[in-house]
Every structure is written in structure tokens, then in C-alpha cells.
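# What the coordinates show
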Amino acid sequence: MSEKTFEKGVSAPPKKLDGSGLRIAIVHTRWNYTLVGKLYDCVYETLTKKYGVLAENIVTDTVSGSYELPMAAKQLIDLSKAQATATASDLLGSPALQSKTLGTKNTGPFDAVICIGIVIKGGTAHFEYICDAVTHGIMRVQLDTGVPVMFGVLTCYNDEQAIARSSTEEGFHHAEEWAAGAVEQALRKNRVL
Ligand SMILES: Nc1c(NC[C@H](O)[C@H](O)[C@H](O)CO)[nH]c(=O)[nH]c1=O
Ligand SMILES: CC(=O)[C@@H](O)COP(=O)(O)O
């Protein structure tokens, strides 16, 4: 590998960010799960240990494949907003919307969502269509809802690229950047930055 002459692949580390007041959802695929699991673990560890996000304020959900990520993100955001406004006498306050559905005692709306998946090209154009749909879908969800949604989807031409980018083989971990970006964008949304 050539000597690195610039910080390729990672954004400059943001100033100290305090994530202790944030509620964050992570939705990851079950496709390519061995590697997706490594990405998830890195995101979770970075959120909690580096940025102080409380474990009880992190909701984890899973979907089959990356194509399902945008809809899952939208559903989580809408559910959390309904949960935040639900009252005891409100139908939306039904047990189905209580913490057991969204997994935390905190019932505020999500401050950010992190989507995690790995799409690996096969022998047809399927790869291109999925990557395009997921990219535009995730961007649309965050712009439509006003809730930051991080694009934690690796779009790889082969297994080797997926393996390298699901580890620190390149000297950095993409997943750390996704966690940092979620905290930074959430604080920006809440005008705390
Ligand atoms: N080939 C990959 C997929 N394909 C499945 C789609 O994402 C989707 O679940 C299916 O088309 C049904 O809607 N998903 C990945 O996440 N990664 C792949 O490599
Ligand atoms: C990106 C994918 O869905 C991939 O697994 C599909 O493989 P193929 O293009 O060979 O059908």
C-alpha cells in the first residue's frame, strides 16, 4: 500500500461531542451478517464508549437486506415520533408503542438513525439497482423527516473489499465515522453544536 499522504477515507475528527442526551436507532441487515455484525459492534462501541450515548437510548432493529433499510429507518422515525407524543388516553399510547416495541425507557423521538449493510456485486446489474435505491432512499428519509440518517452501507465489488472495510485493515474503521456522524448531525439538528 502506498505511503498515505493525506487522511484518505475518513473525515477530520469532530470536536468533543457529548452524546449522553441522544436517542439513536441502529438498523442493520441480516445479509452478509458476519461482516455486518463487525460493523454494528464498532458503531455501538463508538457511540457508547467514545461519545457517551447511553445504552438504554440505543434501539437496534434488523431487516433482511439493504434494500429494506430506508423503509425501516422511516418506520422507526415515525414510530418514535408517535411514541413521543402518545399520552395515556391516546390510542397511540397503546402498549404496542411502549418501550418494549422500541426497546428503550426513553420515549423521545430518535435524534439520528444509522443504517448498516453490505452490498456485494454479483454477476448481474442487481448490485447497481440496490445501491442506487438504498442511497437515494436513505437520503430521502432524512430530508423528509428532518432526522439524520447515516449511510452505513458498504457497496463492494468483491468479498475482499467488504472484509477490508469491515475491519481496520485500511488503518481506520468506517463504522467509527458513521457513529461520529450520527452524534454530530443529531447535535446539529438539536442546535447543540
Ligand atoms: N445481494 C445483496 C442483497 N440483496 C437483497 C436485497 O437487499 C433485498 O433484501 C431483496 O432484493 C428483497 O427486497 N442485500 C444486501 O444487503 N447485500 C447484498 O449483497
Ligand atoms: C447485490 C446482489 O443482490 C447480488 O447478490 C446479486 O447477485 P447476482 O447479480 O449474481 O444475481
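To keep things clear, this report deals only with the structure shown in the data block. (Residues numbered from 1 in each chain as written. Chains lettered and ligands numbered in written order. Predicted model: local features only at pLDDT ≥ 70, side-chain atom pairs only at ≥ 80, totals over all residues. Heavy atoms only, no water.)

### So, the packing of helix H2 (residues 69–85) against helix H4 (residues 126–145)
At their nearest, the axes of H2 and H4 sit 8 Å apart, and the two run at 15° to each other. Here H2 is positioned roughly parallel relative to H4, judged by the angle of their axes. Note on packing geometry: the crossing formed by H2 with H4 is right-handed. In contact with Pro-70, Ala-73, Lys-74, Ile-77 and Lys-81 of H2, H4 contributes Val-134, Gly-137, Ile-138, Val-141 and Thr-145. Along the lines of polarity and charge, the residues of the contact of H2 with H4 split into 6 nonpolar, 2 polar and 2 charged. (Axes fitted to C-alpha atoms, helices over the stretch in contact; angles between N-to-C directions. Helix = DSSP H or I, 4+ residues; strand = E, 2+ residues; numbered from the N terminus. Parallel < 35°, antiparallel > 145°, perpendicular 65-115°, else oblique. Left-handed = near helix turned anticlockwise from the far one by under 90°. Contact = heavy atoms within 4.5 Å. Nonpolar A, V, L, I, M, F, W, Y, C, P; charged D, E, K, R; others polar.)

### A few points about the site of ligand 1
Near ligand 1 you find Trp-31, Asn-32, Gly-65, Ser-66, Tyr-67, Glu-68, Ile-118, Val-119, Ile-120 and Ile-130, and these make up its full shell. Here an oxygen atom of ligand 1 and a backbone polar atom of Tyr-67 are 3.1 Å apart. At a separation of 2.6 Å, an oxygen atom of ligand 1 approaches a polar side-chain atom of Glu-68. Per element, the largest residue contribution to the shell around ligand 1 is 3 residues, and it comes from strand E3 (residues 112–120). In terms of residue class, the shell around ligand 1 is built from 6 nonpolar, 3 polar and 1 charged. (Near = heavy atom within 4 Å. Polar contact = N/O pair within 3.5 Å; in protein donor to acceptor, adjacent residues only side chain to side chain.)

### Observations regarding the pairing of E3
Summarising burial for E3: 8 of the 9 residues are buried, a large majority. Sheet analysis places E3 next to strand E4 (residues 149–156), joined by 8 bridges and oriented parallel. Bridge pairing links Val-119 to Thr-155 in E4. Once you follow E3 into H4 and on to E4, the crossover reads as right-handed. (Buried < 20%, exposed > 50% of the residue type's maximum accessible area, 1.4 Å probe, protein only. Pairing = 2+ DSSP bridges. Right-handed = clockwise from strand over helix to strand, strands pointing away.)

### Re unusual backbone geometry
In this structure, Asn-32 takes a positive phi of about 55° despite not being glycine. Counting through the fold element by element, Asn-32 comes out in the loop between strand E1 (24–29) and helix H1 (33–50).

### Here's the deal with the sheet that holds strand E2 (residues 58–63)
The 4 strands are arranged E2-E1-E3-E4 in an open sheet whose pairing can be described as parallel. Here the strands that pair on one side only, and so sit at the sheet edges, are E2 and E4. Each neighbouring strand pair of the sheet contributes to a mean axis angle of 15°, computed without reference to strand direction. The strands that helix H6 (residues 174–189) touches are E1, E3 and E4; relative to E4, the one it contacts most, it runs at about 160°.

### Considering the packing of H1 against H6
Running from amino to carboxyl end, H1 crosses H6 at an angle of 45°, the nearest separation of the two axes being 8 Å. With respect to H6, the axis of H1 lies oblique. The hand of the H1/H6 crossing is right-handed. Facing Leu-39, Cys-42, Val-43, Thr-46 and Leu-47 of H1, the residues of H6 in contact are Ala-175, Glu-176, Trp-178, Ala-179 and Val-183. For the contact of H1 with H6, the class distribution of residues is 8 nonpolar, 1 polar and 1 charged.

### A look at the packing of aromatic side chains
The final tally for this structure, using the stated rule, is 2 aromatic pairs. Judged by centre distance (6.0 Å) and plane angle (35°), the ring pair of Tyr-40 and Tyr-44 falls under tilted. With Tyr-40 and Tyr-44 both in helix H1 and 4 residues apart, this pair spans about one turn of that helix. Under the relative-accessibility criterion, Tyr-40 is labelled buried at 14%. (Phe/Tyr/Trp six-rings, centres within 6.5 Å; stacked < 30°, edge-to-face > 60°.)

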